[in-house]
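Structural features, examined
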Amino acid sequence: GAVVSQHPSWVICKSGTSVKIECRSLDFQATTMFWYRQFPKQSLMLMATSNEGSKATYEQGVEKDKFLINHASLTLSTLTVTSAHPEDSSFYICSANTGTGTYEQYFGPGTRLTVT
Amino acid sequence: EDQVTQSPEALRLQEGESSSLNCSYTVSGLRGLFWYRQDPGKGPEFLFTLYSAGEEKEKERLKATLTKKESFLHITAPKPEDSATYLCADGAGTALIFGKGTTLSVSS
């Protein structure tokens, strides 16, 4: 149980274009989903917290107009990187909380974004 | 400011050589201390949650323990397949604050 999927697993795009990453909870409903970014040999950095049906809460220093998050349903959240630049190249990982009274988060497999 | 510090940064063990990883945290209102395993190029895999000092949890060769300021991940008789980065995180809110991880390499 508690499986989270992400699509695509990797993507290469040209500078200036936008990329959408999907995060789905496959066997549970996720009221809250989280988006993290991880640079090589570094730990996960929280970008934003996404609640179904409401606006995402962004961490300090994360541009909300650049990283658009939509949590349209209890099983789907999307992250759109708008006008991507090479410095946005990173490993993006989503997670979800099962909402069963615990604070455990289950992570997706991640999406490797490379901007050329 | 809430912080999670892990040590050592890297650990090399021979197969069968037991050891421990450390995670210290400075958090007010702890809502759980979490351990995850992350393989290269993959998302973290949930291992354990500990909520109160003195609590212990085990899974195969791994045992996690918790004190008021630290958590330890004990690895007993590790195998090469235990090689990974082990992350701890505190849940001081709805989000998790991660340490930088300990990269474990187990050689046969």
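The coordinates are above.
**A word on the state of the cysteines**
Per the stated rule, a full pass over the model turns up 2 disulfides over all chains. Note on cysteine connectivity: A:Cys23 is disulfide-linked to A:Cys94, with sulfurs 2.0 Å apart. Because the sign of the S-S torsion sets the handedness, a value of about 80° for the bond joining A:Cys23 and A:Cys94 places this disulfide among the right-handed ones. In this pair, A:Cys23 is assigned in strand β3 (residues 19–25) and A:Cys94 in strand β9 (residues 90–97), connecting sequence segments 71 residues apart. By relative accessible area, A:Cys94 is classed as buried at 0%. Disulfide pairing is shown between B:Cys23 and B:Cys88; the S-S distance is 1.9 Å. The chirality of the disulfide connecting B:Cys23 with B:Cys88 is right-handed, given an S-S dihedral of about 75°.

**A look at the interface of chain A and chain B**
At the junction of the two partners, chain A supplies 16 residues and chain B supplies 19 residues. Of the roughly 1400 Å² buried where chain A meets chain B, counting both sides, 61% is carbon and sulfur surface. Ranking the residues of chain A by area buried against chain B places A:Ser43, A:Tyr103 and A:Phe107 at the top, with a combined share of 38%. Linking chain A to chain B there are 5 residue pairs in polar contact (both at pLDDT 80 or more). Among the secondary structure elements, those contributing two or more residues to the side of chain A that touches chain B are β4 (32–38), β9 and β10 (105–107) of chain A. Its residues placed into classes, the side of chain A that touches chain B shows 10 nonpolar, 5 polar and 1 charged.

Calculation rules
- Residues numbered from 1 in each chain as written.
- Chains lettered and ligands numbered in written order.
- Predicted model: local features only at pLDDT ≥ 70, side-chain atom pairs only at ≥ 80, totals over all residues.
- Heavy atoms only, no water.
- Disulfide = S-S within 2.5 Å.
- Helix = DSSP H or I, 4+ residues; strand = E, 2+ residues; numbered from the N terminus.
- Buried < 20%, exposed > 50% of the residue type's maximum accessible area, 1.4 Å probe, protein only.
- Contact = heavy atoms within 4.5 Å.
- Buried area = accessible area lost by both parts, 1.4 Å probe.
- Polar contact = N/O pair within 3.5 Å; in protein donor to acceptor, adjacent residues only side chain to side chain.
- Nonpolar A, V, L, I, M, F, W, Y, C, P; charged D, E, K, R; others polar.

Shape descriptors only; they carry no functional weight alone.
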